[in-house]
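Chain by chain, the residues run as shown.
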Amino acid sequence: MLEKPTTLLLQKRLFHLKSSNTHTNRAGKFIVHCNSQITKHGRNGNLKEAESIFSRMPQKNVISWTAILTAYYENGHIAKARDMFDKMPQKTTASYNAMITAYTRSKPMMMREASKLFAEMTERNSVSYATMITGLARAGMVDNAEELYLETPLEWRDPVCSNALISGHLKVGRLEEAIRIFEGMVKRDVVSWSSMIDGYCKKEKIDHARELFEKMPERNVVTWTAMIDGHMKMGCYEVGFGLFLRMRNEAFVQVNSMMLTVMFEASGEFGKYKEGIQMHGLVSRVGFQFDVFLGNAVITMYSRFGFVDEARKIFDMMTKKDVVSWNSLIACYVQNDEVEEAYVLFEKTPKKDVISWTTMITGFSSKGKMGKSIELFRMMPKQDDIAWTAVISGFVGNSEYEEAIYWFIEMVRKMVRPNPLTLSTVLSASAGLATLKQGLLIHTLVLKMGMEFDLSIQNSLVSMYTKCGNVADGHQIFMSIKSPNIVSFNTMITGFAQNGFGEEALELFHKMLNEGQKPNQITFLGVLSACTHAGLLEQGWNHFRSMQSLYQIDPGPHHYACMVDLLGRAGFLDDAIDLIHSMPCEPHSGIWGALLGASRMHLRLDVAKLAAQQLLELEPDNAASYAVLSYLYSSAGRKSDSEQLRMAQRLKGVKKSPGCSWIIV
């Protein structure tokens, strides 16, 4: 009789238990759903939606609090994230990790707060250490990251903590330290290998990078991109392009926007039109969407090829554009001499930055329209050092050196700190005026600003001193340059040549070759000029011929002018004429002027007639032609011909330009 009620009671209890469990399960599922929605809205930037869900939740667990905390810091509200962290009824290791992550992804100064929280933790896991080491490395506090790394349990170091420390060392240029960590790793992943390859490439140790690349057990698109970009930046386009083709053939790796951006940028930089078009065709075939970064790279590539219409088509195809997109097309028009079109686009640009303004200032300056450049400069919301430099550079480019120096003085008066390019540009203005006193004042300013070891400034100082005739000081500065580049050597060689130190110029040229520097067209202008001033005919011929035979450099009109001058001074006027007739391009006035001067020197009236006739066709108002011919007629006893020539000069209104000199008060 007692058994039946007992069974009934048990059944009731089981029913209530099932109902309770069902309710609990439903509540649990609801919390999980709400937590996922908070996370989703936070990542999508819908912070109000995330807050609304959190505030209406009847029950919250620690994951709910962590989710809203994360939503706050992902949307830049660090203070609100901390406030939520402090209000949490229960904190777990995951909660601490989330708040530490918020600080590490904020400003570097927030690392102090992250360190305090890390010290408070009673229990840490691998994520705690990885987050802190990553944050310290990212903030440039690599030594602190190293200390914490050594405290990290061995089983938690690889690969995440080690990768973070490698990245930190590479960021501050410590390649050897990064190698030490890499070689000590027990477990490496593709990030470890890719970081080291990128590090080697940035230090221009491309052979070490390639060796590591070939040893990799697995490669992803980041690895291939780092290796290809490394070769491109070293000037090895063919090798880089070959790697890209190899990746397409043998690797199951999908190209991404970054990879394609590298390829388009390199194709444009090296003028590889055919390959660039192939890359564009590949993008079209695979249906790859032009995102902002990729679209900008293609616009820049076509701009460098001079294909303005193609660049415009890509711009118009882009569904999303940023300020770089607008600036890239504006620069495309400017670089291809379509300044008015650039200005039309500039006026339509929705959001202009300093690059937008300075590109247009530079564009109008290149057309000699300095008034329009100044007008734009004054319209700028804020004139920074880049804008001031663009104006000063514009005046220098138009040979208005006094104006350039005036604007530089105004810049300093306005308390705008000059950058290295500003100082290099204004030194060029001083060199153009040959005003040593002004150049010395700028050199003093360079020393006060601590920029005396900037290579571009050192090169400009060498140019300024040598153009002002102070070769000794120019050479002293050249010798102080730790790693002179081709510009450094060219400037000093030209300085020696222009001041009559031909032997010294040639000696420096040979030193440059011995140091592995490859000469360019400007180098040979200095060398041929040195041979001309020193009267070294045979050496001049040898260097002229070596341009094509040894260095694959086609001589330009100025190189021919130097050779005509050299031959003419040595009395080989007929050889000079033969050289002119062998030119692949039309001789300019400088070449005929050099021949005319030589004909006067050696009293060759027949050559003078030829040179003067050609020169007058190019420059009808050039009085030098009349003066030299008149002198040679007189010297030959043909005074009537000389008088007729002077009469013709007067009738045509051709006057000799008056000479001028600078007086520094």
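All of these numbers come straight from a predicted model, not from anything done at the bench.

Colleague: Residue-level account of the overall build of the protein chain, with values.
Modeller: The helix and strand tally for the protein chain stands at 38 helices and zero strands. Pairs at least 24 apart in sequence give 57% of the contacts found in the protein chain among residues at least 6 apart. Total accessible area computed for the protein chain in this model is approximately 35800 Å², and 54% of it derives from carbon and sulfur atoms.

Colleague: Mind laying out the nonpolar core, listing which residues take part and the relevant values?
Modeller: In terms of nonpolar packing, the biggest core is built from 195 residues, with M196, I197, F244, M259, F264, M360 and L595 touching the most fellow members. Ignoring anything within four residues of it in the chain, the contact list for M360 reads I330, V334, V339, A342, Y343, F346 and L376.

Colleague: Account for the side chain of S64, naming residues and giving values.
Modeller: Its location among the elements puts S64 in helix α3 (residues 62-74). In this structure, S64 is in contact with I31, N35, F54 and M57, ignoring residues within four places of it in sequence.

Colleague: So what's going on with the packing of helix α4 (residues 78-87) against helix α5 (residues 93-104)? Which residues, and what values?
Modeller: Where α4 meets α5, the axes come as close as 10 Å, and the angle between the chain directions of the two elements is 160°. Considered as vectors, α4 and α5 are oriented roughly antiparallel to each other. In this structure, α4 crosses over α5, and the sense of that crossing is left-handed. In this structure, α4 contributes I78, A81, R82 and F85 to the contact, and α5 contributes S95, Y96, M99, A102 and Y103.

Colleague: Any chance you could break down the packing of aromatic side chains for me, citing the residues and the numbers?
Modeller: Considering all chains together, one arrives at 29 aromatic pairs under this definition. Residues Y273 and F307 carry aromatic rings whose centres are separated by 5.2 Å and whose planes lie at 85° to one another, so their mutual orientation is edge-to-face. Residue Y273 is located in helix α16 (residues 273-286), and its partner F307 is located in the loop between α17 (292-305) and α18 (308-317); the two are separated by 34 residues in the primary sequence. In this structure Y273 comes out as partly exposed when scored by relative accessible area, which is 43%. Ring pairs connect the aromatic residues F377, W388, F395, Y406 and W407, which therefore count as one cluster. Taking NZ or CZ as reference, K352 lies 5.0 Å from the ring centre of F346, over its face.

Colleague: Which residues make up helix α31 (residues 521-534), and what values do they have?
Modeller: The first and last C-alpha atoms of α31 sit 20 Å apart over 14 residues, in line with the 20 Å expected at 1.5 Å per residue. If you check the start of α31, you find a side-chain oxygen 3.1 Å away from the backbone N of I522, and it comes from N520.

Colleague: How would you explain helix α21 (residues 354-366) if you had to name every residue and give the values?
Modeller: For α21, with 13 residues, the first-to-last C-alpha span of 18 Å sits near the 18 Å given by 1.5 Å per residue. Of all the residues in α21, the buried ones are S356, W357, T358, T359, M360, I361, G363, F364 and S365. Lining the buried residues of α21 we find α19 (323-335), α20 (339-348), α22 (370-379) and α23 (385-397). Structurally, the start of α21 carries an N-cap: the backbone nitrogen of I355 is 3.1 Å from a side-chain oxygen of D353. Positioned one or two residues after α21, G368 has a phi angle of 80°, which is positive.

Colleague: Can you break down a negative patch on the surface residue by residue, with the values?
Modeller: On the surface, D309, E310, E338 and E341 cluster together into a patch of negative charge. Considering the arrangement of structural elements, one finds E310 in helix α18. On the accessibility criterion, E310 (32% relative accessible area) is partly exposed.

Colleague: Kindly report on unusual backbone geometry, identifying the contributing residues and their values.
Modeller: Cis geometry marks the peptide bond from D158 to P159, where omega comes out at -5°. Checked against the element boundaries, P159 lands in helix α9 (residues 154-171). In this model, E204 sits at a positive phi of 60°, which is unusual for a non-glycine residue. Relative to the assigned elements, E204 resides in the loop between α11 (190-202) and α12 (206-215). Even without a glycine there, the phi angle at A434 is positive, about 55°. Relative to the assigned elements, A434 resides in the loop between α25 (420-433) and α26 (436-448).

Colleague: Give a description of the packing of helix α13 (residues 221-233) against helix α14 (residues 237-250) that names residues and reports values.
Modeller: Put simply, α13 and α14 touch, their axes get as near as 7 Å, and they point 160° apart. It follows from the interaxial angle that α13 and α14 lie roughly antiparallel. The interaxial crossing formed by α13 with α14 has left-handed handedness. On α14, the residues touching W224, M227, I228, H231 and M232 of α13 are Y237, V239, G240, F241, L243, F244, R246, M247 and E250. The residue makeup of the contact of α13 with α14, split by class, is ten nonpolar, two polar and two charged.

Colleague: Can you lay out the pattern of salt bridges for me, pointing to particular residues and giving the numbers?
Modeller: The full count for this structure, using the stated rule, is 21 salt bridges. One continuous salt-bridge network, built from bridges that share partners, spans R210, E214, R219 and R246.

Colleague: Report on the layout of surface pockets, specifying residues and quantitative values.
Modeller: For the largest pocket, the calculated volume is near 640 Å³. Taken together, 28 residues make up the lining of the largest pocket; nearest its centre are N163, A164, S167, G168 and S195. Every element with two or more residues in the lining of the largest pocket is listed here: α5, α7 (126-138), α9, α11 and α13. Broken down by element, the residue count for the lining of the largest pocket peaks at seven residues, all from α9. Taken together, the residues of the lining of the largest pocket break down into ten nonpolar, eleven polar and seven charged. Along its surface, the second largest pocket is lined by 20 residues, and S463, K467, V487, T491 and I522 are the ones closest to its centre. Sort the elements by how many residues they give to the lining of the second largest pocket and helix α29 (residues 486-498) lands first, with seven residues. Across the lining of the second largest pocket, the residue classes break down as five nonpolar, 14 polar and one charged.

Colleague: Please set out the environment of I580 residue by residue, giving values where relevant.
Modeller: Relative to the assigned elements, I580 resides in helix α34 (residues 573-581). Considering only alpha carbons, one finds I580 and A561, 19 residues apart in sequence, at a separation of 8.8 Å. Excluding anything up to four places from it in sequence, I580 contacts V564, P587, I591, W592 and L595.

Colleague: So what about the environment of M227? Which residues, and what values?
Modeller: Relative to the helices and strands, M227 is located in helix α13. For the pair formed by M227 and R210, sequence separation is 17 residues and the distance between their alpha carbons is 7.2 Å. Setting aside residues up to four positions removed in sequence, M227 forms contacts with I197, C201, I206, A209, R210, F213 and L243.

Colleague: Please set out the confidence of the model for the protein chain residue by residue, giving values where relevant.
Modeller: Here the protein chain shows a mean pLDDT of 87. Residues at 70 or above account for 89%. Confidence over residues 1-5 falls short of pLDDT 50; this stretch has zero contacts with residues more than four positions distant or in other chains.

Colleague: Account for the side chain of S267, naming residues and giving values.
Modeller: One can find S267 in helix α15 (residues 257-269). Side-chain polar atoms of S267 contact the side chain of Y237, separated by 2.9 Å.

Rules behind the numbers
Residues numbered from 1 in each chain as written. Predicted model: local features only at pLDDT ≥ 70, side-chain atom pairs only at ≥ 80, totals over all residues. Heavy atoms only, no water. Helix = DSSP H or I, 4+ residues; strand = E, 2+ residues; numbered from the N terminus. Contact = heavy atoms within 4.5 Å. Areas by Shrake-Rupley, 256 points an atom, 1.4 Å probe, with all protein chains shown as cover. Core = buried A, V, L, I, M, F, W, Y, C linked by side-chain atoms within 4.5 Å. Buried < 20%, exposed > 50% of the residue type's maximum accessible area, 1.4 Å probe, protein only. Axes fitted to C-alpha atoms, helices over the stretch in contact; angles between N-to-C directions. Parallel < 35°, antiparallel > 145°, perpendicular 65-115°, else oblique. Left-handed = near helix turned anticlockwise from the far one by under 90°. Phe/Tyr/Trp six-rings, centres within 6.5 Å; stacked < 30°, edge-to-face > 60°. Lys NZ or Arg CZ within 6 Å of the ring centre and 35° of its normal. Expected span 1.5 Å × (residues − 1). Polar contact = N/O pair within 3.5 Å; in protein donor to acceptor, adjacent residues only side chain to side chain. Patch = residues over 30% accessible without salt bridge, like charges linked within 9 Å, V, L, I, M, F, W, Y side chains within 5 Å. Salt bridge = Lys/Arg side-chain N within 4 Å of Asp/Glu carboxyl O. Lys, Arg positive; Asp, Glu negative; His and termini not counted. Charge placed at Lys NZ, Arg CZ, Asp CG, Glu CD. Nonpolar A, V, L, I, M, F, W, Y, C, P; charged D, E, K, R; others polar. 1 Å grid on protein atoms, 1.4 Å probe; cavity = no way out; pocket = protein on both sides within 12 Å on 5 of 7 lines; lining within 4 Å. Points joined across faces, edges and corners; volume = space filled by probe spheres on them. pLDDT = per-residue confidence, 0-100.

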